[in-house]
Each structure stands twice: as structure tokens, then as C-alpha cells.
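Chain by chain, the residues run as shown.
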Amino acid sequence: SAMTQEEMSAALNDMWYNFCVSEAFEPGSTFKPVTVGAALESGSIVDGDTFYCDGYEFVTDTRINCDNVNGHGMETVSDAIKNSCNDALMQIAFQMGIDVFCKYQELFNFGSTTGIDLPNEGSGSLYNTTNMHEVELATNSFGQGFTCTMIQELAAFCAVVNGGYYYCLLYTSPS
């Protein structure tokens, strides 16, 4: 009763704060399986496709490096994931195109809350088909240039590994 409404609200928000649910970050390479899953599901690539990594891609006038600036050489889809190859992921995203890439980010629920029953859930920040261009598509393909929460990344990754089924993360406390 000694607290104002604003003080009470601030105290409750501090008490309920959960970094994994509230804070957005660039997912980086942990997003690569989501890109590959979307490309496979959309038919943009097939399991037997190969990609040549020379250590970088020039996108418009921007050089975007792979983590291995000397290049990985010829890679399969699974090699691209295993070697965390930015170059191959950019090529995969280009085959998908901006419209398909953005559609799958939405289908994997990036840019929206998951619905987990916890307060202060963040939604992250994404490009859309209007403001994404080739450089953003390239960097987004390997998890840079947009943000998500840990719970969004976890839910999307689970969908990738369980046959594409995205499950709502609602939590109900036991009675």
C-alpha cells in the first residue's frame, strides 16, 4: 500500500523478468537450420544440391564473408550446416528469394510472440518483403540483421527437428 501504481508495476516487471522470454538478440548461426528447413520445405533446394564456398559472396557492392574466409569448397546441404557456412546459406536464401524467406520467418513465428504464458514476452524485429533487399536477405540467412527471443528460436528449432510442426508454448500450472 506504500507503493504507487507505477512503482508496483515496475516491481512486478522486475520480479517477472525473464531474459529468455523478454530480450531480443541476433540468433546468428543457430538460425541456419531454420533457413535450410524453410528452403527444403518450400522446394527451393533439395537434399542433393551442392553449393560452392569460396569464402565470400558479393551482394550488390557488399562483400559478405563466410566464417572461413578461405572457403569450404564444394558443400552439400548437410555440409553447409556442419561447417556453419555463411556462403552456402546465402546461396540457399537467394534460391528461396525474399518473398519465400519472409513467409517462412512468419510461419516459424519470428516477429511475433509465441504465446507462452509468461509476462513481458518480446517479439523481436524483422525485415519484411517491403524493406528487405539482397544484402538483408544474405545476412538474415545466417541469423544476422534481425532479432528474436530465445523462446522464439527454441520453438522454431523444435519445429525444424520434429517434422515441421510448430507447437504453441502455452504453459498451464498444475492444479
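In what follows, the structure referred to is the one given above.
Quick notes on the rules
- Residues numbered from 1 in each chain as written.
- Predicted model: local features only at pLDDT ≥ 70, side-chain atom pairs only at ≥ 80, totals over all residues.
- Heavy atoms only, no water.
- Helix = DSSP H or I, 4+ residues; strand = E, 2+ residues; numbered from the N terminus.
- Buried < 20%, exposed > 50% of the residue type's maximum accessible area, 1.4 Å probe, protein only.
- Contact = heavy atoms within 4.5 Å.
- Areas by Shrake-Rupley, 256 points an atom, 1.4 Å probe, with all protein chains shown as cover.
- Lys, Arg positive; Asp, Glu negative; His and termini not counted.
- Charge placed at Lys NZ, Arg CZ, Asp CG, Glu CD.
- Expected span 1.5 Å × (residues − 1).
- Phe/Tyr/Trp six-rings, centres within 6.5 Å; stacked < 30°, edge-to-face > 60°.
- Polar contact = N/O pair within 3.5 Å; in protein donor to acceptor, adjacent residues only side chain to side chain.
- Core = buried A, V, L, I, M, F, W, Y, C linked by side-chain atoms within 4.5 Å.

> Describe the overall build of the protein, and please don't skip the residues or the numbers.
Secondary structure summary: the protein contains seven helices and six strands in total. In the protein, the succession of helices and strands from N to C terminus is α-α-β-α-β-β-β-β-α-α-α-β-α. In terms of overall dimensions, the protein has a C-alpha envelope of 65 × 35 × 30 Å along the principal axes. Per-residue burial for the protein yields a buried fraction of 38% across its 175 residues. Relative to all contacts within the protein whose residues are 6 or more apart in sequence, the contacts with residues 24 or more apart total 72%. If you sum the accessible surface of the protein, you get close to 9600 Å²; carbon and sulfur atoms cover 53% of it. Distance between charge centres in the protein, computed from 4 positive and 22 negative side chains, equals 12 Å.

> Got a sec to walk through helix H5 (residues 86–107)? Specific residues and values, please.
Compared with the 32 Å implied by 1.5 Å per residue over 22 residues, the 23 Å span of H5 between its first and last C-alpha is markedly short. Among the residues trailing H5, Asn109 stands out with phi positive, at a value near 75°.

> Mind laying out the environment of Pro27, listing which residues take part and the relevant values?
Looking at the element boundaries, Pro27 is found in the loop between strand S1 (24–25) and helix H3 (32–42). A relative accessible area of 7% places Pro27 in the buried class. Once the C-alpha coordinates of Pro27 and Ser9 are considered, the two residues, 18 residues apart in sequence, prove to be 30 Å apart. Residues in contact with Pro27, not counting those within four places in the same chain, are Gly143, Phe146, Cys148 and Glu153.

> Explain the packing of aromatic side chains to me, and be specific about the residues and the numbers.
One pass over the structure, following the stated rule, counts five aromatic pairs. Seen from their ring centres, Phe31 and Phe101 are 6.2 Å apart, and the 65° between their planes marks the pair as edge-to-face. With Phe31 in the loop between S1 and H3 and Phe101 in helix H5, this residue pair connects regions lying 70 residues apart in the sequence. The buried category is assigned to Phe31, whose relative accessible area is 2%.

> So what about the side chain of Ser84? Which residues, and what values?
Residue position: Ser84 is located in the loop between helix H4 (77–82) and H5. Within the structure, Ser84 has its side chain in polar contact with the side chain of Ser29 (distance 3.1 Å). Beyond its immediate stretch of four places on either side in the chain, Ser84 contacts Ser29, Lys32, Asp67 and Asp79.

> Give a description of unusual backbone geometry that names residues and reports values.
Despite not being glycine, Asn109 has its phi angle at roughly 75°, a positive value. Here Asn109 is to be found in the loop between H5 and helix H6 (134–141). Residue Asn109 is classed as buried on the basis of its relative accessible area, which comes to 17%. Even without being glycine, Asn120 reaches a positive phi, approximately 65°. The topology assignment puts Asn120 in the loop between H5 and H6.

> Talk me through the nonpolar core; I want residue IDs and the actual numbers.
Core analysis: the biggest nonpolar cluster contains 28 residues, and Phe108 and Phe110 have the highest contact counts within it. Counting residues per element, the ones that place at least two in this core are H3, strand S2 (50–53), H4, H5 and helix H7 (150–161). For this core, the leading source of residues is H5, giving eight residues. The residues touching Phe110, leaving out its near neighbours within four places in the chain, are Phe31, Val34, Gln105, Leu126, Phe146, Cys148, Gln152, Glu153 and Ala156.

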